[in-house]
Amino acid sequence: MSNRPYIVGNWKMNGTRAMLSEARTIDRAAQRYMKVEVAVAPPFTLIHAVHKEAEQIGVGAQDCHPGEDGAHTGDISATMVSDAGAKFVILGHSERRQNHGEDSAMVLAKLHAALNAGINAIICCGEPEDVRVAGDAEKYVLDQLRASLPEKLDDAGERLTVAYEPIWAIGTGRVATVEDIEAMHGAIYAFLKARFGEEAAQGIRILYGGSVKPENAREILAVPHVGGALVGGASLSADSFMNIALAAGEIEEQ
Ligand code: PGA
């Protein structure tokens, strides 16, 4: 089912058990939008509780450690998030890269851990503003992906998702232009095709992220090679998040 639009909520460091009612509302609404694959990645502390609420939506984690177990105080392994109910993990988000010094080699190690633990992965990439202004965004993003992704895949690409999130668009209300999104997603697709072959590249959805809202979702999701959205702020309310899923479903019907 990897061709359905994929709308993923990244709750970041937001949410206590009081948010479970929001997760329930998202899950019930998702049952009406079967043409769209809806998922949320709550903080670690809520994965199991959201998983127990969820009948329709996928539940994921926002990070995992590259190791299997051992003396890593405060860390969480891919097996642990899987055990809690996560079916995927977001890796290499720019906030992890910036706040925790994660480089692409670390992202790749975490990706191997996730795949070995039987969960899927969303690999994030995206350029800072000065790189975009200098005209080097495409090179920067493809370099990140080259180092964050394995040389080959064991499957047809369905376990992997890529999320393009220009850093200057995250949480700022600013969005890349449709032309820039189209150019970047086209370049990412071409890279994936060259690396993994056409069949796998078609199985790998490429999400856009960065200030996606109900008001701009339709325009963004209609761009070629945009297979869905990674949504931060607007995923914290079931209402705005499901309006983004609704937009994805309507485009799918056209
Ligand atoms: P935002 O976050 O939608 O709040 O900009 C997106 C993300 O960082 O995944």
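The structure under discussion appears in the preceding block.
Note that the structure is predicted; figures quoted are calculated from it, not measured.

Colleague: Talk me through helix α5 (residues 104-116); I want residue IDs and the actual numbers.
Modeller: Taking 1.5 Å per residue, 13 residues should reach 18 Å; α5 reaches 18 Å between its end C-alpha atoms and fits that length. Every buried residue belonging to α5 is among S104, V107, K110, L111, A113 and A114, and all of these are buried. Mapping the buried residues of α5 onto a view down its axis gives an arc of 170°, with all of them on the same face. In this structure, α5 carries A105 and N116 as exposed residues pointing more than 90 degrees from its buried face. Contact partners of the buried residues in α5: α3 (78-84), β4 (88-91), α4 (94-99), β5 (120-125), α7 (137-148) and β6 (160-164). Of the residues one or two after α5, G118 is the one with positive phi, at around 90°.

Colleague: Tell me about α7, residues and numbers included.
Modeller: Here α7 is 12 residues long and its end C-alpha atoms lie 16 Å apart, about the 16 Å a rise of 1.5 Å per residue gives. Within α7, the full set of buried residues consists of A137, V141, L142, Q144, L145 and S148. Relative to the axis of α7, the buried residues are bounded by an arc of 155° and lie together on one face. For α7, the elements touching its buried residues are α4, α5, β5, α6 (129-133), β6 and α8 (178-196).

Colleague: Pulling in residues and values, what's your account of empty space enclosed by the protein?
Modeller: Under the definition given, this model contains one cavity of 30 Å³ or more. The space that makes up the largest cavity amounts to roughly 40 Å³. Lining the largest cavity we find G92, S94, R97, C124, C125, G126, Q144 and E165. Looking at the lining of the largest cavity, the elements that each hand over two or more residues are α4 and β5. Taken together, the residues of the lining of the largest cavity sort by class into two nonpolar, four polar and two charged.

Colleague: Could you give an account of the nonpolar core, naming the residues involved and the relevant values?
Modeller: Ranked by internal contacts, the top residues of the largest apolar core, which has 76 residues, are I188 and L192. Setting aside anything within four residues of it in sequence, one finds L192 in contact with L149, V162, G197, A201, I204 and I206. The next biggest cluster of nonpolar side chains, apart from the first, holds 11 residues, and it includes Y6, F88, C124 and L230.

Criteria and cut-off values
Residues numbered from 1 in each chain as written. Predicted model: local features only at pLDDT ≥ 70, side-chain atom pairs only at ≥ 80, totals over all residues. Heavy atoms only, no water. Helix = DSSP H or I, 4+ residues; strand = E, 2+ residues; numbered from the N terminus. Expected span 1.5 Å × (residues − 1). Buried < 20%, exposed > 50% of the residue type's maximum accessible area, 1.4 Å probe, protein only. Arc of directions from axis to C-beta. Contact = heavy atoms within 4.5 Å. 1 Å grid on protein atoms, 1.4 Å probe; cavity = no way out; pocket = protein on both sides within 12 Å on 5 of 7 lines; lining within 4 Å. Points joined across faces, edges and corners; volume = space filled by probe spheres on them. Nonpolar A, V, L, I, M, F, W, Y, C, P; charged D, E, K, R; others polar. Core = buried A, V, L, I, M, F, W, Y, C linked by side-chain atoms within 4.5 Å.

Honestly, that's just the spatial picture; any functional story needs more than this.
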